[in-house]
Structures are given as structure tokens and as C-alpha cells.
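Here is how the chains run, residue by residue.
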Amino acid sequence: MSTPKAPPGTFTLLYFAAATSYTRRQHDHLDAPLPVAALYDVLEKRYPGIRAKVLSSSALTVNLDYVDVDEEGARGEAGMVIKEGDEVAVIPPVSSG
Amino acid sequence: MTDVKGPARAFMGEQSLSEDNIYVSMTYDELDAGRAMARVKSPKAGAVVLFAGCTRDNFQSKTVTHLAYSTYAPLALRTLLSIARDIHREHQLVSISITHRLGRVDIGEESILIAVSAPHRKAGWAAGEECLERVKDRVEIWKEEWFEDGGIWRSNRDGQAGMPVVDASNEKASSD
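Note on numbering: residues in each chain are counted from 1, in written sequence order. Labels are handed out in written order, letters beginning with A for the chains and numbers beginning with 1 for the ligands. Two thresholds apply to this predicted model, a pLDDT of at least 70 for residue-level local features and 80 or more for giving and counting side-chain atom pairs, whereas whole-chain, interface and lining totals are computed over all residues. Side-chain measures here rest on the full set of heavy atoms in the structure, leaving out hydrogens and waters.

### Some remarks on unusual backbone geometry
Most peptide bonds adopt trans geometry, and most residues besides glycine take a negative phi value.
Right, on to step 1. Of the consecutive residues Ala 32 of chain A and Pro 33 of chain A, the connecting peptide bond is found in the cis state with omega at -5 degrees.
Right, on to step 2. A helix here means a DSSP run of H or I that spans at least four residues, while a strand means a run of E at least two residues long, and both kinds are numbered starting from the N terminus. Along the polypeptide, Pro 33 of chain A turns up in the loop between strand E2 (27-31) and strand E3 (34-35).
Right, on to step 3. We note that Leu 64 of chain A has phi near 70 degrees; this positive angle belongs to a residue other than glycine.
Right, on to step 4. With respect to the helices, strands and loops of the structure, Leu 64 of chain A is situated in the loop between strand E4 (59-62) and strand E5 (65-67).
Right, on to step 5. Relative accessibility thresholds used throughout: buried, under 20% of the residue-type maximum; exposed, over 50%; partly exposed, between the two (1.4 Å probe, protein chains only). Here Leu 64 of chain A falls in the buried class, since its relative accessible area comes to 18%.
Right, on to step 6. Unusually for a residue other than glycine, Gln 60 of chain B sits at a positive phi of about 45 degrees.

### Some details on the pairing of strand E5 (residues 62-71) of chain B
Residues and elements named next belong to chain B.
Right, on to step 1. Where burial is concerned, most of E5 is hidden: seven out of the 10 residues are buried.
Right, on to step 2. Relative to E5, strand E4 (residues 58-59) runs antiparallel, the two sharing two bridges. The residue of E5 that forms the bridge with Phe 59 is Lys 62.
Right, on to step 3. As judged from the seven bridges shared by E5 and strand E9 (residues 141-147), these two strands associate in the antiparallel manner. Following the sheet pairing, Leu 67 is matched in E9 by Glu 145.
Right, on to step 4. Should DSSP find at least two bridges between two strands, the strands are taken to pair. Sheet analysis places E5 next to strand E7 (residues 103-106), joined by four bridges and oriented antiparallel.

### Brief notes about the interface of chain A and chain B
Right, on to step 1. Between two residues, a contact is recorded if the distance between any of their heavy atoms is within 4.5 Å. Taken together, the contact between chain A and chain B spans 31 residues of the former and 40 residues of the latter.
Right, on to step 2. The salt bridge criterion pairs a side-chain nitrogen of Lys or Arg with a carboxyl oxygen of Asp or Glu, the two atoms within 4 Å. One salt bridge in this structure joins Asp 65 of chain A and Arg 78 of chain B, with 3.5 Å as the shortest N-O distance.
Right, on to step 3. The definition of a polar contact used here is a pair of N or O atoms within 3.5 Å, where within protein one atom must be able to donate a hydrogen and the other to accept one, and adjacent residues in sequence count solely through side-chain atom pairs. Linking chain A with chain B are 21 residue pairs in polar contact (both at pLDDT 80 or more), by the criterion used here.
Right, on to step 4. Those elements that place two or more of their residues in the side of chain A that touches chain B are helix H1 (18-23), E2, E5 and strand E7 (87-91) of chain A.
Right, on to step 5. Residues are grouped as follows: nonpolar covers Ala, Val, Leu, Ile, Met, Phe, Trp, Tyr, Cys and Pro; charged covers Asp, Glu, Lys and Arg; every other residue, Gly included, is treated as polar. For the side of chain A that touches chain B, the per-class residue count stands at 15 nonpolar, nine polar and seven charged.

### A short note on the confidence of the model for chain B
Residues and elements named next belong to chain B.
Right, on to step 1. Residues at a pLDDT of 70 or more form 91% of chain B, whose mean pLDDT is 91.
Right, on to step 2. Across residues 172-176 the pLDDT falls below 50, and counting only partners more than four positions away or on other chains, this stretch makes nine contacts in the model.
Right, on to step 3. What the predictor reports for the complex is a pTM of 0.93 with an ipTM of 0.95. pLDDT expresses, on a scale from 0 to 100, how confident the predictor is about each individual residue.

### Thoughts on the layout of surface pockets
Right, on to step 1. Its boundaries defined by the atoms lining it, the largest pocket holds a volume of some 390 Å³.
Right, on to step 2. Forming the walls of the largest pocket are 22 residues, and the residues nearest its centre are Gly 97 of chain A together with Arg 56, Lys 136, Lys 143 and Glu 145 of chain B.
Right, on to step 3. For the lining of the largest pocket, the elements supplying multiple residues, two or more each, are strand E3 (47-54), E4, E5, strand E8 (110-118), helix H3 (121-138) and E9 of chain B.
Right, on to step 4. By residue class, the composition of the lining of the largest pocket is eight nonpolar, eight polar and six charged. Cavities and pockets were defined on a 1 Å grid built over protein atoms only: a cavity is a set of grid points that admits a 1.4 Å probe from which the probe cannot escape, a pocket is an open set flanked by protein on both sides within 12 Å along at least five of seven lines, and lining residues are those with an atom within 4 Å of any such point. Grid points are joined across faces, edges and corners, and a volume is the space filled by probe spheres set on the points.

### Points about the packing of aromatic side chains
When we look at a pair of aromatic rings, we describe it by the centre distance and by the angle of the planes.
Right, on to step 1. Working definition: rings of Phe, Tyr and Trp (its six-membered ring) pair if their centres are within 6.5 Å, and the pair is stacked with planes under 30 degrees apart, edge-to-face with planes over 60 apart, and tilted otherwise. The final tally for this structure, using the stated rule, is four aromatic pairs over all chains.
Right, on to step 2. Between Tyr 15 of chain A and Tyr 47 of chain A the ring centres are 6.1 Å apart and the planes differ by 90 degrees, which places this aromatic pair in the edge-to-face class. Placement of Tyr 15 of chain A in the loop between strand E1 (10-14) and H1 and of Tyr 47 of chain A in the loop between helix H2 (36-46) and helix H3 (50-53) is noted, with a sequence separation of 32 residues between them.
Right, on to step 3. For Tyr 47 of chain A, a relative accessible area of 8% corresponds to the buried category.
Right, on to step 4. Ring centres 5.3 Å apart and planes at 70 degrees place the aromatic pair Phe 11 of chain B and Tyr 28 of chain B in the edge-to-face group. Within this pair, whereas Phe 11 of chain B is found in the segment before strand E1 (14-19), its partner Tyr 28 of chain B is found in the loop between strand E2 (22-27) and helix H1 (33-40), the two being separated by 17 residues in sequence. Here the two residues Phe 11 of chain B and Tyr 28 of chain B agree in accessibility, since each one is buried.
Right, on to step 5. By the ring-pair criterion, three or more aromatic residues cluster together here, those being Phe 16 of chain A together with Tyr 72 and Trp 142 of chain B.
Right, on to step 6. One cation-aromatic arrangement involves Arg 39 of chain B over Tyr 23 of chain B; the distance from NZ or CZ to the ring centre is 3.7 Å.
Right, on to step 7. We count a charge as sitting over a ring when the NZ of a lysine or the CZ of an arginine lies within 6 Å of the ring centre and within 35 degrees of the ring normal. We note Lys 62 of chain B situated over the ring of Phe 147 of chain B; from NZ or CZ to the ring centre the distance is 4.4 Å.

Written out as C-alpha cells, the structure reads:
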């Protein structure tokens, strides 16, 4: 998928499956840097209800690696921060085969 | 019901990763069972097992018109390769090949081909079955199940009714 490159000062958030249907978008460019633990609040503001309907049952990847959002939140200041140019993805429950 | 415009293709044609005797790929083209089998055949293998997953015409007695698959391509390929490597090692296979189809898959057509070869049949049967279970559990590919009255995003994890498929286009400006 040729997702447009993230403009300066932003990162790319990819949506898949139920996340695309909920947001009606394939991706967003969001302001960076952003602590991973703060991401879901940002999305909930933009798409009310997305936490309960999509995010609570989805996983999250940053640059193709799975991230435990709760764990990063628990680390406070030491938690992962999403940087400019990163590729983040919402991964709803998979269904191949 | 008009067909909702599907997600843009992740890539054109086929994308694959391979190492010695391990091959995984995704493609928008129809799958080729003969080619999958030929890939894993070997003088060292007394057994070749092929699994083909096909689109069935119903879900809980509701008529299915077709399935459609989309993917997070770079991640799905990585996960496919990881699974193939593990299965190859754990069952001491000669060779393994996994190909998943993307885009629209009509009734009776294959969405996934898993081919494994082993010296003896016990490992072949076991490896094929285990491979499919892991693929369905982990690979970052999503299935839309289409009925006369619309499509649903399926989850392998639970049998619950999924979220309806809705047109998603980045042409619409997002609210700030």
C-alpha cells in the first residue's frame, strides 16, 4: 500500500479491518513525538468510541514490532515514545485462512 | 447491495520471502496447487501434504457471496516466515511452502495453500495441521465475509459477529 510519507513532525498510523471501517480511513498522520501510552486518548478524541469498539480488542505495532501499550504506560516517563517518521499500526483480531 | 470499494492493494502481483526449503508468499492472483506441491517435492521426502483453504458458500446457514482478504504486508510476510521456520524445524520437514491469496476470493476458490514435505507421513500430517492453526492465529491478514446484504470483518479468535465493512477512503478529510 503506497501510504503517503508522513509530513515533517508527524508519524503514520495505519488502520486495518474494523479500524478502517470505524475511522473510515486507511491511515492518519499524527503529531510526533507522542508517548505510546497517550495514543489511545488521542484516537478517542478524534473518533469517539473507538477505544471500546476497536482498540480494546486490537494490538498495536510500532515499526513492525508489537508493543504492549499497558506496559509502556506503567513505565511512566520511561515508556516508549513514538517518533517522527515511525510507522504505527492498529492490528484488530486477525482472520487469515 | 453495491460492493463497497475494498482497501487499496498492498502491492502488485506476488510478494515472497524464502530461505533454504522455506517459502512464504502472498498474491492477488489465483493460487496454484501444482506449483505449491512442486516447490516442496524432494527425493528425500516420502510424504507431501497439501492443504487448501477454500471459500465456503455459507456461514451459520447465511449465504456467503465471496470473501476478501487484506493485509499489513511487511508484517504478515515476517510472521508467515517465522511460522514456516518454526514448523520446518519442529517437524523436521524437508520443505515447506505457504501462500495466502489477497483480494476477492470467490466460492470454491482457494485462499491459502500450505504444502509440506517430510521423509515420512506422520510428520507431514502433523506439520500441515499445526501450520494452519498458527497461521490463522497470528498472521496479519483480515477476512471480509460478504453476504447479499453487506460484508463483515471476521475474527478467527472468536465466533462473534464482526464489525460491518464500511467504505474507508483517505480522500475524506479527518476531523481535527
